[in-house]
Amino acid sequence: RRLTGGKVAVAGSSNQVTKCIIASLLTDDEITLAGAPEVDERRVVLELFEFLGGRVEELDASTLRLSSRGVNRAQIPAELCRKNRISVLTAGPLLHRFREVTIAAALGGDQIGRRPVDFHLKGLEEMGARVETADGSYHFSVGETGLHGAHLELPFPSVMTTEHLVMTATLARGRTVIENAATEPEIIELVKMLQ
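Now for a quick tour of the structure. (Residues numbered from 1 in each chain as written. Predicted model: local features only at pLDDT ≥ 70, side-chain atom pairs only at ≥ 80, totals over all residues. Heavy atoms only, no water.)

### What to know about the overall build of the protein
Reasoning step 1: For the protein, the helix and strand inventory stands at seven helices and nine strands.
Reasoning step 2: When the backbone C-alpha atoms are referred to their principal axes, the protein occupies close to 65 × 35 × 35 Å.
Reasoning step 3: Looking at the 195 residues of the protein, the share that counts as buried comes to 45%.
Reasoning step 4: Considering only residue pairs separated by 6 or more positions, the protein has 68% of its internal contacts joining residues 24 or more positions apart.
Reasoning step 5: When the accessible surface of the protein is summed, it comes to about 10,500 Å², and 47% of that surface belongs to carbon and sulfur atoms. (Helix = DSSP H or I, 4+ residues; strand = E, 2+ residues; numbered from the N terminus. Buried < 20%, exposed > 50% of the residue type's maximum accessible area, 1.4 Å probe, protein only. Contact = heavy atoms within 4.5 Å. Areas by Shrake-Rupley, 256 points an atom, 1.4 Å probe, with all protein chains shown as cover.)

And the structure:
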């Protein structure tokens, strides 16, 4: 039997939507995300966003309206960090807001296994952040002038590190160049959102 037509709804990228939720921490403007698939990772990141003080409105099953205007926390406890390692991506955006951030080092993993955050920490340091590890947490801080642009060279094209540094560079003083950056489609879409 031959099909003559029809419609198929294609869900958006869960990898992209979670990074866009984190990126919304960079502005107090309302952000609307369409095509946000209902997956566990989205739920975990929205819980983190709301814990920080962000407001989430679900307009329908795949459309979210976000506001970071009420974000008032710069410390993420271990129970949230254990759920997903994505909490490390908040370091740069929250440094722009508060100049000091503490994130529990008990970062969750996934089926792939342990993935260290060394590249994230090194990139933030090169952009002017002080990074200390104490009491089971990463402590990030910046001086009065905040973060600045830098010439960053990644040892390999790490997707999450590229996303984190691109987000952080958005509000940093000066220009940032990332060599050996990952260029997956979700990173290009994140860059479009940031623009």
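Having seen the model, we can carry on.
### Things to note about the sheet that holds strand β4 (residues 75-76)
Reasoning step 1: Pairing in this open sheet of four strands is mixed, and the strands run β4-β5-β7-β6 from one edge to the other. Sheet topology places β4 and β6 (130-134) at the edges, where each strand pairs with a single neighbour.
Reasoning step 2: With five bridges joining them, β6 and strand β7 (residues 137-141) adopt antiparallel strand pairing. Paired with Thr133 across the two strands is Tyr138, which belongs to β7. (Pairing = 2+ DSSP bridges.)

### Brief notes about the pairing of strand β3 (residues 63-67)
Reasoning step 1: Within β3, four of the five residues are buried, which leaves it mostly tucked inside the rest of the structure.
Reasoning step 2: Two strands pair when backbone bridges link them, and strand β1 (residues 31-34) and β3 are joined in this way by four bridges, in the antiparallel orientation. Directly across from Leu33, in β3, lies its bridge partner Leu64.
Reasoning step 3: Examined bridge by bridge, strand β2 (residues 55-60) and β3 share five bridges and lie antiparallel to one another.

### Quick notes on the environment of Ser67
Reasoning step 1: Along the chain, the position of Ser67 falls in strand β3.
Reasoning step 2: Looking at Ser67, the relative accessible area reads 6%, which means it is buried.
Reasoning step 3: When the C-alpha atoms of Ser67 and Glu186 are compared, they prove to be 22 Å apart, with 119 residues separating the residues in sequence.
Reasoning step 4: Ignoring anything within four residues of it in the chain, the contact list for Ser67 reads Asp28, Glu30, Phe49, Gly54 and Arg55.

### Points about the side chain of His120
Reasoning step 1: Within the element layout of this structure, His120 appears in helix α5 (residues 118-126).
Reasoning step 2: Its relative accessible area of 4% is what places His120 among the buried residues.
Reasoning step 3: Among the polar contacts listed, one links the side chain of His120 to the side chain of Thr161, at a separation of 3.3 Å.
Reasoning step 4: With residues up to four places along the chain from it excluded, the contact list for His120 reads Val88, Leu89, Met160, Thr161 and His164. (Polar contact = N/O pair within 3.5 Å; in protein donor to acceptor, adjacent residues only side chain to side chain.)

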